[in-house]
Amino acid sequence: MTASVTNIDESRPPVVDTLKVLDKVSGSVIEELPVNSPERVTEMVENARRAGQDWSQLSVKERVKYIKRARNEVAKGRTEIFSLLERETGKARADVVGELLSVCMDIGHIASKAPGWLKTRKVGTAPLFGKKGRIVYKPHGVVGVISPWNAPLTLSLGDAVPALLAGNSVVIKPSELTPLAVKRTIELMNRVLPPSVLQVAIGEGAAGQALVDHVDMICVTGSPQTGRRVMARASQRLTPVLLELGGKDPMIVLEDADLDRAAAGATFGSLLMGGQVCMSVERVYVEAAVAAEFIDKVVENFREIRVGANGIDAEIDYGPFTSANQVNIVESQLKDALEKGATVLIGGKRTGEGAGVYFAPTVVTNVDHSMEIMKEETFGPVLAIQVVKDSHEAIELANDCQYGLNSSVWTRNIARGIEVAKMLEVGNTCVNECVLSAGVQNLNFGGVKASGLGFRHGGPEGLRQFAVPQSLLIETRRRKTEFPWFPYAPKQAGHLDKLIGLMYGR
Ligand code: NAD
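Per chain, residues are indexed from 1 in the order of the written sequence. Totals for whole chains, interfaces and linings use every residue, but because this is a predicted model, local features are given only for residues with pLDDT of at least 70 and side-chain atom pairs only at 80 or more, for both listing and counting. Hydrogen atoms and water are omitted, and side-chain values are computed over all heavy atoms in the structure.

*Asks:* Which parts of the structure should I look at to understand the sheet that holds strand β22 (residues 452–453)?
*Replies:* Two modes of strand pairing occur in sheets, parallel and antiparallel, and in both the strands are linked by backbone hydrogen bonds. Paired strands are those between which DSSP finds at least two bridges. Labels follow the DSSP assignment, with helices taken as runs of H or I lasting at least four residues and strands as runs of E lasting at least two, numbered in each case from the N terminus. Strand order in the open sheet formed by 6 strands is β7-β6-β5-β8-β9-β22, and the pairing between neighbours is mixed. Two strands close off the open sheet at either side, each with one partner strand: β7 (198–200) and β22. Note that strand β5 (residues 142–146) and strand β6 (residues 169–173) share 5 bridges and pair parallel. Bridge assignment links Val143 to a residue of β6, and that residue is Val170. Throughout, a contact is declared for two residues whenever any of their heavy atoms are within 4.5 Å. Convention adopted: a line fitted to C-alpha atoms gives each axis, helices being fitted over their contacting stretch, and angles between N-to-C directions are expressed from 0 to 180 degrees. Along the sheet face, helix α7 (residues 205–214) touches β5, β6 and β8 (217–221) and points at about 155° away from the line of β5.

Structure (structure tokens):
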């Protein structure tokens, strides 16, 4: 796949001095924040590096104590965080509260495991017997975290917390559309954390670029375009990158699936947060024998979905778009699909009242891979369903896509489900489940192909990616020489040659 990489995103508006953060329901300005210039971001990284000198010297257990106390502060201040997050994203209250709960739970899990996972490891030293081998986990230094607008807390603190526990200091650059809840959360955490260990930089792509130019590891959650720009820029200093990018997640429904469960899964998976979820179900391949029944059930489910303005007592399942621009992408993909012969079974248009931009739950069928809606990320409340003759066609079509993030297979035959799952070119697959895999701490969550590089969660490796594994080889005996050292013994090469013959074949 080819991609043009530039350092500046020309499609974005020019850099501004202040950010007006909008309430996505009323359209009013919640707060106007000064933008941090690239020079100021550079200064933040320098401060973080200085603060990291003491922070990295603490034991992991001491850092765990700080992070848990910081979590207490966040929990105490949660009402304000909920309000900011709800207003700046437009999400349903349940999603907002669930987001903070998942952050708190993740902190609990990783904090309990960090001391063990970051402990110096003893390893064997073969073929150099009698020596000691150790792997020491040292912090990278300053980790930059660039996050998107759809789940501002999870997608910034999800990287920041393990990075902090590993001894790094962190600068987060939240999305320009949703910086408020992240900023407030960090202020609350900073009531207990040492100064400059965790900071927030406000701004658009330019602030993100400045971060990339100075940090020692950069984590980006966003679109593949941003991922490519960041990786190209990071390559100048060979800075390690963690890229969590977009998805076009397929769902495969085999003819022996529990259709009620599959239809309910498709409904939740495609409409959660109005479809503005990287691991949401965007396209379905259903075997012909059960297609009509499955599609009927999905449409019935979609009819029940409530869309509207959010709020503590609002009875809605999802609210307006967080990024108003997203509706143009959704409408343009639908237009393309309709022009090429697709059929909208329900929805297909804007809905709701007021300043917020709402889109009705939409099911589209008679689709194929000539249409953008089957290959490009939609990130809206739209489910495209293609009927296939068998599982082979489903697998082929699922893999015919630049993305490879999440996916799901639905069948009563679990062994067959796992077999199909393994044939998908993706980072994650659920069998008779969808979306929720991203919340399971012991499972890696990350993408392949244009969906990214590296992963979150996933046990010791998930945490250790925020550390540099330094290898130590230690000789404690006072030996005068070693076999491979100078001077080479007479016939040494001949002996080694014989050894190869003895061990691996004459
Ligand atoms: P985006 O790529 O437009 O922006 C993401 C972040 O990158 C923002 O903070 C933005 O300011 C910053 N940025 C933009 N240009 C930059 C540059 N040149 N250098 C440095 N930083 C720059 O993405 P978005 O519209 O905010 O979010 C939606 C995208 O995120 C979707 O593609 C979605 O699938 C993806 N996403 C992926 C995951 C995952 O875990 N894989 C999770 C959520 C969202």
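Structure shown, so let's carry the discussion forward.
*Asks:* Sorry if this is basic, but what is going on with the packing of helix α9 (residues 259–271) against helix α10 (residues 288–303) here?
*Replies:* When two helices pack together, their arrangement is given by the angle between the helix axes and the distance between those axes. For the pair α9 and α10, the least separation of the axes is 9 Å and the interaxial angle reads 50°. Here α10 runs oblique to α9, going by the angle between their axes. Like other packed secondary-structure pairs, α9 and α10 cross with a definite hand, here right-handed. The segment α9 lies against α10, with Leu259, Asp260, Ala262, Ala263, Ala264, Ala266, Thr267, Ser270 and Leu271 engaging Val290, Glu293, Phe294, Lys297, Val298, Asn301 and Phe302. Should an angle fall under 35 degrees it is called roughly parallel, over 145 degrees roughly antiparallel, and 65 to 115 degrees roughly perpendicular, with every other angle called oblique. The hand of a helix crossing depends on one turn: near helix anticlockwise from the far one by less than a right angle means left-handed, and clockwise means right-handed.

*Asks:* Quick question: what am I supposed to make of the sheet that holds strand β19 (residues 430–431) here?
*Replies:* Reading across from one edge, β12-β15-β16-β11-β10-β18-β19 is the order of the 7 strands in this open sheet, with mixed pairing throughout. Unpaired on one side and paired on the other, β12 (343–346) and β19 mark the two borders of the sheet. Judged from the 5 bridges that link them, strand β11 (residues 281–287) and strand β16 (residues 382–388) form a sheet pairing that is parallel. Bridge pairing in β16 places Val284 opposite Ile385. Relative to the sheet, helix α11 (residues 326–339) contacts β12, β15 (362–365) and β16, its axis offset from that of β12 by approximately 120°. Of the strands in this sheet, β10 (249–253), β11 and β16 touch helix α12 (residues 391–399), which is tilted by about 160° from β11.

*Asks:* Any chance you could explain a nonpolar patch on the surface here in plain terms?
*Replies:* For patch building, the residue pool is restricted to those with more than 30% relative accessible area and no salt bridge; the joining distance is 9 Å between like charges and 5 Å between nonpolar side chains (Val, Leu, Ile, Met, Phe, Trp, Tyr). The Shrake-Rupley method, run with a 1.4 Å probe, gives the accessible areas here. Residue values count only the displayed protein chains as cover. The rule for a salt bridge is simple: a side-chain nitrogen of Lys or Arg has to be within 4 Å of a carboxyl oxygen of Asp or Glu. Residues Phe483, Leu496, Leu499, Ile500, Leu502, Met503 and Tyr504 make up a contiguous nonpolar surface patch of about 800 Å² in total accessible area. Summarising the element assignment, Met503 is placed in helix α15 (residues 492–504).

*Asks:* Please explain unusual backbone geometry as it appears in this structure.
*Replies:* When glycine is set aside, most residues are seen to have a negative phi, and most peptide bonds are trans. A cis geometry characterises the amide bond from Ala126 onward to Pro127, with omega recorded as 10°. Counting through the fold element by element, Pro127 comes out in the loop between β3 (121–123) and β4 (132–139). Going from Phe486 to Pro487, the amide bond is cis rather than trans, its omega being -10°. Mapped onto the secondary structure, Pro487 falls in the loop between β24 (467–474) and α15.

*Asks:* What's the story with the nonpolar core in this structure? I'm lost.
*Replies:* Taken as a class, soluble globular proteins show a tendency for nonpolar side chains to be buried jointly. Judged by nonpolar contacts, the single largest core of 58 residues is most densely connected at Leu153, Leu157, Val170, Ile172 and Leu198. With residues near it in sequence (within four places) discarded, Leu153 still touches Ile81, Leu85, Glu99, Leu100, Val103, Gly158, Ala181, Val182 and Thr185. Among the buried residues, those of types Ala, Val, Leu, Ile, Met, Phe, Trp, Tyr and Cys that are joined through side-chain atoms within 4.5 Å form a nonpolar core. Relative accessibility thresholds used throughout: buried, under 20% of the residue-type maximum; exposed, over 50%; partly exposed, between the two (1.4 Å probe, protein chains only). In terms of nonpolar packing, the next biggest core, distinct from the first, is built from 34 residues, Met251, Ala291, Val298 and Cys434 among them.

*Asks:* What should I look at first to understand the domain arrangement of the protein in this one?
*Replies:* Accessible area lost upon the coming together of the parts serves often as the stated size of an interface. Start and end positions for the domains come from either an automated domain assignment or a database one. Per the domain assignment, the segments of the protein are domain 1 (19–245 + 457–468) and domain 2 (249–441). Each of domain 1 and domain 2 has a C-alpha centre, and the two are 30 Å apart. Facing the 24 residues of domain 1 at the interface are 29 residues of domain 2. Between domain 1 and domain 2, roughly 2,000 Å² of surface is buried when both sides are summed, and carbon and sulfur atoms account for 55% of that area. The interface formed by domain 1 and domain 2 contains 0 salt bridges. Among the elements of the structure, α3 (78–89), α4 (93–117) and α8 (224–234) are those that each provide at least two residues to the side of domain 1 that touches domain 2. Take the accessible area each of two parts loses on contact, using a 1.4 Å probe, and add the two losses: that sum is the buried area.

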